[in-house]
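Single-letter residue listing:
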Amino acid sequence: QALEDQYSPSRWSPRLDRDTIIDAHLAVTAAGTERARASAQTLLHVPYGNGDGEKLDIYFPTDPSETFPVLVYIHGGYWQCLSKDDSGFAAPPLVSQGVAVVAVGYDIAPKGHMDAMVLQVRRSLVFLVEQYPRIRGIYLCGHSAGAHLAAMVLSTDWTEFQVVPDIKGAVLVSGVYDLEPILHTYVNDVLNMSREVAQRNSPMRHVTPAVTAACEVLVAVAQHDSPEFRRQSQEYSQALRAAGWSVSLLDLAGVDHFDVIEKLSELYILTQV
């Protein structure tokens with residue numbers, strides 16, 4: 001029961017009660033994405049593979065130079081809800097500064113299982129690199145379950161893909177980096193992970209030595225995330241640092257698990273970083 005509480009982010013917000021906050025989050029991200037689509041030049045539902053969920057939404061910079069950086073956003077929803085269709089809300093302040101934003105779709109559970117989701121996100125980056133030679137540096141941004149998937153990208157052995165994406169940075173927001181505790185909670189009812197699957201897909205257990213200091217990692221956590229979420233962020237950032245990564249831990253005051261990412265639609269500290 002204690003683990004259930006710790007891994008139920010909606011219980012920890014002082015703003016709204018647990019039933020209201022999820023609905024509010026869905027409304028905010030959907031409205032933000034609608035605004036982004038109305039104001040930016042977009043390519044929606046671009047297939048990066050053959051699966052139903054394997055599609056990207058691309059928001060192009062207002063004033064693209066010859067080459068441009070891209071922020072790849074990986075949505076949360078505990079690997080079982082949300083989609084790329086509500087994940088463009090971070091685009092407006094970034095596209096206005098010459099940055100492209102890509103929202104990645106992946107097959108959520110029960111259709112998708114953990115190994116497949118991790119592979120899909122990795123393949124989406126390979127596709128971007130191959131299709132868009134004008135991309136100058138990839139910055140990953142993931143929220144919650146999306147931060148887990150982004151962290152798994154950092155531990156990829158790219159040799160099997162024959163492409164090495166130029167990942168310059170990663171912003172991991174309120175993530176889960178060790179899936180072991182999840183096995184004992186309601187979250188796994190739909191995911192159906194075995195212990196082996198959880199271990200194989202825990203970034204905490206697969207921290208690779210930093211190949212290059214060129215990739216900076218920002219691990220961000222909200223003041224009103226649960227103690228367990230806060231612990232995971234701290235331990236993962238320590239593990240990265242110990243392996244030689246350039247990493248900083250950002251503890252954001254006055255926000256919870258949901259508005260910590262919603263605020264990317266405005267000129268917020270995370271947006272600026």
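Residues numbered from 1 in each chain as written. Predicted model: local features only at pLDDT ≥ 70, side-chain atom pairs only at ≥ 80, totals over all residues. Heavy atoms only, no water.

**Student:** Honestly, the overall build of the protein in this entry has me stumped. Any pointers?
**Tutor:** When its secondary structure is counted, the protein shows ten helices and eight strands. Since a compact globule built from 273 residues should have a radius of gyration of about 19 Å, the 17 Å found for the protein is in line with a globular shape. Its C-alpha atoms give the protein principal-axis dimensions of about 55 × 40 × 35 Å. The buried share of the protein, reckoned over its 273 residues, is 55%. Considering only residue pairs separated by 6 or more positions, the protein has 75% of its internal contacts joining residues 24 or more positions apart. Carbon and sulfur atoms form 52% of the exposed surface of the protein, whose accessible area is close to 11700 Å². Each charge class in the protein was averaged separately, 20 positive and 32 negative side chains, and the resulting centres sit 2 Å apart. (Helix = DSSP H or I, 4+ residues; strand = E, 2+ residues; numbered from the N terminus. Rg over C-alpha atoms; globule rule 2.2 N^0.38 Å. Buried < 20%, exposed > 50% of the residue type's maximum accessible area, 1.4 Å probe, protein only. Contact = heavy atoms within 4.5 Å. Areas by Shrake-Rupley, 256 points an atom, 1.4 Å probe, with all protein chains shown as cover. Lys, Arg positive; Asp, Glu negative; His and termini not counted. Charge placed at Lys NZ, Arg CZ, Asp CG, Glu CD.)

**Student:** What's the story with the side chain of Thr271 in this structure? I'm lost.
**Tutor:** Relative to the helices and strands, Thr271 resides in helix H10 (residues 269-272). In contact with Thr271, other than residues within four places in its own chain, are Pro93, Lys263, Leu264 and Glu266.

**Student:** Even after reading the chapter, I still don't get unusual backbone geometry, so can you show me in this structure?
**Tutor:** In terms of backbone geometry, most residues other than glycine have negative phi values and most peptide bonds are trans. Put simply, Ala109 and Pro110 share a cis peptide bond, and its omega is 5 degrees. Here Pro110 shows up in the loop between strand E4 (100-104) and helix H4 (114-131). Residues other than glycine seldom take positive phi values, yet Leu82 does so here, at roughly 65 degrees. Within the secondary structure layout, Leu82 lies in the loop between strand E3 (68-74) and helix H3 (91-95). In this model, Asn192 sits at a positive phi of 55 degrees, which is unusual for a non-glycine residue. Take Asn192: it is sitting in the loop between helix H6 (187-191) and helix H7 (195-200). What makes Asn192 exposed here is its relative accessible area of 65%.

**Student:** Before we go on, may I ask you to explain the UniProt feature "domain: BD-FAE-like" (unreviewed entry) in the protein in this structure?
**Tutor:** The feature "domain: BD-FAE-like" (unreviewed entry), as annotated in UniProt, sits at residues 56-155 in this numbering. Annotated as 33% helix and 26% strand, the span residues 56-155 places its first and last C-alpha atoms 22 Å apart. (UniProt positions renumbered as here; feature names shortened; annotations may be inferred.)

**Student:** Looking at this structure, how should I read the side chain of Asp259?
**Tutor:** Inspection of the secondary structure assignment puts Asp259 in helix H9 (residues 259-262). Relative accessible area serves as the criterion here: at 8%, Asp259 is assigned to the buried category. In terms of polar contacts, Asp259 uses its side chain to reach the backbone amide nitrogen of Asp256, at 2.7 Å. Setting aside residues up to four positions removed in sequence, Asp259 forms contacts with Arg15 and Gly254. (Polar contact = N/O pair within 3.5 Å; in protein donor to acceptor, adjacent residues only side chain to side chain.)

**Student:** Whenever I open this one, the environment of His113 confuses me. Can you help?
**Tutor:** The residue His113 is located in the loop between E4 and H4 in this model. Once the C-alpha coordinates of His113 and Arg123 are considered, the two residues, ten residues apart in sequence, prove to be 15 Å apart.

**Student:** Even after reading the chapter, I still don't get the packing of aromatic side chains, so can you show me in this structure?
**Tutor:** The geometry of an aromatic ring pair is captured by two quantities: the separation of the ring centres and the angle between the planes. Inspection of the entire model under this criterion finds seven aromatic pairs. With 6.3 Å between their ring centres and 75 degrees between their planes, Tyr78 and Tyr186 make a pair best called edge-to-face. Of this pair, Tyr78 sits in the loop between E3 and H3 while Tyr186 sits in the loop between strand E6 (167-173) and H6, placing them 108 residues apart in sequence. Taken together through their ring pairs, the aromatic side chains of Tyr78, Trp79 and Tyr186 make up a single cluster. (Phe/Tyr/Trp six-rings, centres within 6.5 Å; stacked < 30°, edge-to-face > 60°.)

**Student:** What is the right way to look at the pattern of salt bridges in this model?
**Tutor:** A side chain of one charge can pair with a side chain of the opposite charge when the charged atoms of the two come close. This model, assessed by the stated rule, comprises 17 salt bridges. Between Lys84 and Asp57 there is a salt bridge, and its shortest N-O distance comes to 2.9 Å. Here Lys84, found in the loop between E3 and H3, pairs with Asp57, found in strand E2 (residues 55-60); they are 27 residues apart in sequence, far enough to count as distant. Within this structure, Arg37, Asp57, Lys84 and Asp85 form a network of salt bridges that share partners. (Salt bridge = Lys/Arg side-chain N within 4 Å of Asp/Glu carboxyl O.)

**Student:** When you look at H4 in this model, what are you seeing that I'm missing?
**Tutor:** Here H4 is 18 residues long and its end C-alpha atoms lie 26 Å apart, about the 26 Å a rise of 1.5 Å per residue gives. Of all the positions in H4, only Met114, Met117, Val118, Gln120, Val121, Arg122, Ser124, Leu125, Val126, Phe127 and Leu128 are classed as buried. (Expected span 1.5 Å × (residues − 1).)

**Student:** Would you explain the environment of Thr159 in this entry?
**Tutor:** When you line up the elements, Thr159 lands in the loop between helix H5 (145-154) and E6. Taking the relative accessible area as the measure of exposure, Thr159 reaches 61% and is therefore exposed.

**Student:** Which parts of the structure should I look at to understand the nonpolar core?
**Tutor:** One recurring pattern in soluble globular proteins: nonpolar side chains tend to sit buried together. Formed by 60 residues in total, the largest nonpolar core has its most connected members in Trp79, Leu140, Leu154, Leu172 and Val217. The residues touching Leu140, leaving out its near neighbours within four places in the chain, are Val72, Leu125, Ala150, Val153, Leu154, Ile167, Gly169, Ala170 and Val171. (Core = buried A, V, L, I, M, F, W, Y, C linked by side-chain atoms within 4.5 Å.)

**Student:** I'm lost on the sheet that holds E3 in this one. Help?
**Tutor:** One open sheet accounts for eight strands, arranged E1-E2-E4-E3-E5-E6-E7-E8; its pairing is mixed. In this open sheet, the two strands that pair with only one neighbour each are strand E1 (41-47) and strand E8 (246-252). In this sheet, adjacent strand axes meet at a mean angle of 15 degrees when their direction is disregarded. The pairing of strand E7 (residues 216-222) with E8 spans seven bridges and is classified as parallel. (Pairing = 2+ DSSP bridges. Axes fitted to C-alpha atoms, helices over the stretch in contact; angles between N-to-C directions.)

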